[in-house]
Amino acid sequence: MISVEEAQERMLAAIQPLPAITVALAEAAGLVLAEDIIAQEDLPPFANSAMDGYALRSVDTRMENGRPARLRVIGTIAAGYVAEQAIEPGTAMRIMTGAPVPRGADAVIQIELTRSDPSDSSWVEILQEVAPGNNIRAAGEDIRRGQRVLSQGSEIGPWEIGVLATVGQARVKVIRRPRVAIVSTGDEIIDVGEPLQPGKIRNSNGYLLEAAVRRAGAEPQRLGVARDTEESLRQVFSQAMQHDLIITSGGVSVGEFDLVKRIMNEQGVIDFWQINMRPGKPLAFGRIGQVPLLGLPGNPVSAAVTFELFGRPLIRKLLGHRRLHRPQVEVTVEDGVSERTPRRHYVRAHVRREQGRFVARTTGHQGSHITTSLLNANALVIVPEGGKILKPGETAQALMLDWPEE
Ligand code: AMP
Ligand code: MG
């Protein structure tokens, strides 16, 4: 048996990020930037006002004998327009936030620090002296022309999109979103809309994995259920080979009908591992043709947990992310874990913050067929290998499934 970490390392070493493509800016959200972004202009592109107020010469704001300065108002500059006139000594212009500062002015005073006669707006009284540069956003203060604003490998979130828009990047080079084929296997599996028949169960994994793959940032395609025959699997795999990654569930343990391994051996290469973990001991990884294939166990809980530990990091690597794994944190396990298992146990739990520490409560019966143990779980409490139990109130590490990767 190999450790979870060893299996993760081996799998991740076998794949590379996908090639870059150019997409419209709005489609780049959630993807990884595949180029450095160098600003072609200063930002702000011109000196502009940070306030609604008056543009003026700071020397003209000096009081004389304690009396406020009076300036002649020669016009108004709205955002989006450039003043034709310049500010001369003894004059000011009304200016709106974001409007270009007119020639001759070296400061803006906010409207609240001025007084004007409502019946005669051609004069303004300046109630406070201001220094040069007051309320002026200098050109290039945010970004200088030639500056690298974003680096290759950055994840593009809403804030990065905003900056990319600012610098005029209507299209960006990103790592392509992987297309992932999802294959369920088993003669017992029927589709979700069908009534149950003797010996049959509904396809839970196909739908679960489709949603999980989408949440990981890839584009899933559910290819349906392969029968437990070599022909059926070959047929589904021939379709699956059009994708960047194939994820199967079931058919990888040691039973007579565990055919996924057989087809992988026939059409590609296979690494089959017993992983020192519970749930989800049997796992296959390899290729069908040139396409990487991750063979998850069939039990829905095992499929879900192994997807989080192996499938999601694989997809993130294909997407070009550098942060691949969920963070771990120390938690106090309120109710403890009494089931003993020689393998490392990933116990579904809900972790909450309470008085500055993290407290976990497990989600009940932890059998790998108990699908409801996944509900309300946002973490996996890790009970180390070697048949240990956790007494109520003991601490353990937990893998936080709803915290961003680090
Ligand atoms: P297997 O690995 O094929 O032996 O499957 C292990 C267990 O998982 C069996 O009880 C299967 O019925 C169950 N199983 C396999 N595939 C699915 C699926 N797509 N949805 C729900 N249960 C499944
Ligand atoms: Mg099966």
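Presented here is an overview of the structure given in this document. (Residues numbered from 1 in each chain as written. Chains lettered and ligands numbered in written order. Predicted model: local features only at pLDDT ≥ 70, side-chain atom pairs only at ≥ 80, totals over all residues. Heavy atoms only, no water.)

A few words on the site of ligand 1. Around ligand 1 lies a shell of 16 residues, among which E188, N203, G251, G298 and N299 are the nearest. Here a nitrogen atom of ligand 1 and a backbone polar atom of S204 are 3.1 Å apart. Here N205 contributes a backbone N or O atom positioned 3.4 Å from a nitrogen atom of ligand 1. Surface burial for ligand 1 is 76%, taken as the share of its 490 Å² of free accessible area covered by protein chains. Of all the elements in the fold, those that place two or more residues in the shell around ligand 1 are strand 13 (179-185) and strand 15 (201-202). Per-class residue counts for the shell around ligand 1 are three nonpolar, 11 polar and two charged. (Near = heavy atom within 4 Å. Polar contact = N/O pair within 3.5 Å; in protein donor to acceptor, adjacent residues only side chain to side chain. Areas by Shrake-Rupley, 256 points an atom, 1.4 Å probe, with all protein chains shown as cover. Helix = DSSP H or I, 4+ residues; strand = E, 2+ residues; numbered from the N terminus. Nonpolar A, V, L, I, M, F, W, Y, C, P; charged D, E, K, R; others polar.)

Looking at where R343 falls in the secondary structure, it is placed in the loop between strand 22 (328-333) and strand 23 (344-354). On the basis of relative accessible area, R343 is assigned to the partly exposed category, the value being 22%. Each C-alpha atom of the pair R343 and K281 lies 8.7 Å from the other, and the pair is 62 residues apart in sequence. The contacts of R343, once residues within four sequence positions are left out, are M1, I275, N276, M277, R278, K281 and E385. Side-chain polar atoms of R343 contact the backbone oxygen of M277, separated by 2.8 Å. (Buried < 20%, exposed > 50% of the residue type's maximum accessible area, 1.4 Å probe, protein only. Contact = heavy atoms within 4.5 Å.)

Turning our attention to the pattern of salt bridges. Applying the stated criterion across every chain, the model contains 22 salt bridges. Linking R179 and E219 is a salt bridge whose minimum nitrogen-to-oxygen distance equals 3.9 Å. Linking R179 in strand 13 with E219 in strand 16 (residues 219-226), this pair joins segments that are 40 residues apart in sequence. Note that E334 and R352 form a salt bridge whose closest N and O atoms lie 2.6 Å from each other. Of this pair, E334 sits in the loop between strand 22 and strand 23 while R352 sits in strand 23, and the two are 18 residues apart along the sequence. (Salt bridge = Lys/Arg side-chain N within 4 Å of Asp/Glu carboxyl O.)

Take the pairing of strand 13 next. Within strand 13, six of the seven residues are buried, leaving the element largely enclosed by the surrounding structure. Bridge analysis of strand 13 against strand 16 gives six bridges, and the strand direction is parallel. Its bridge partner lying in strand 16, S184 is registered against V225. Bridging between strand 13 and strand 17 (residues 245-249) involves five bridges; their strand directions are parallel. From the neighbouring strand, I182 faces strand 17, where its bridge partner is I247. (Pairing = 2+ DSSP bridges.)

For the rest of this paragraph, the subject is the packing of helix 3 (residues 205-215) against helix 6 (residues 300-318). Contact pair helix 3 / helix 6: the axes reach a minimum separation of 10 Å and the direction vectors enclose 25°. Put simply, helix 3 runs roughly parallel to helix 6. In the packing of helix 3 onto helix 6, the handedness of the crossing is right-handed. Residues N205, L208, L209, A212, V213 and R215 of helix 3 touch helix 6, and the partners they reach there are P300, A303, A304, F307, E308, R312 and I315. For the contact of helix 3 with helix 6, the class distribution of residues is nine nonpolar, one polar and three charged. (Axes fitted to C-alpha atoms, helices over the stretch in contact; angles between N-to-C directions. Parallel < 35°, antiparallel > 145°, perpendicular 65-115°, else oblique. Left-handed = near helix turned anticlockwise from the far one by under 90°.)

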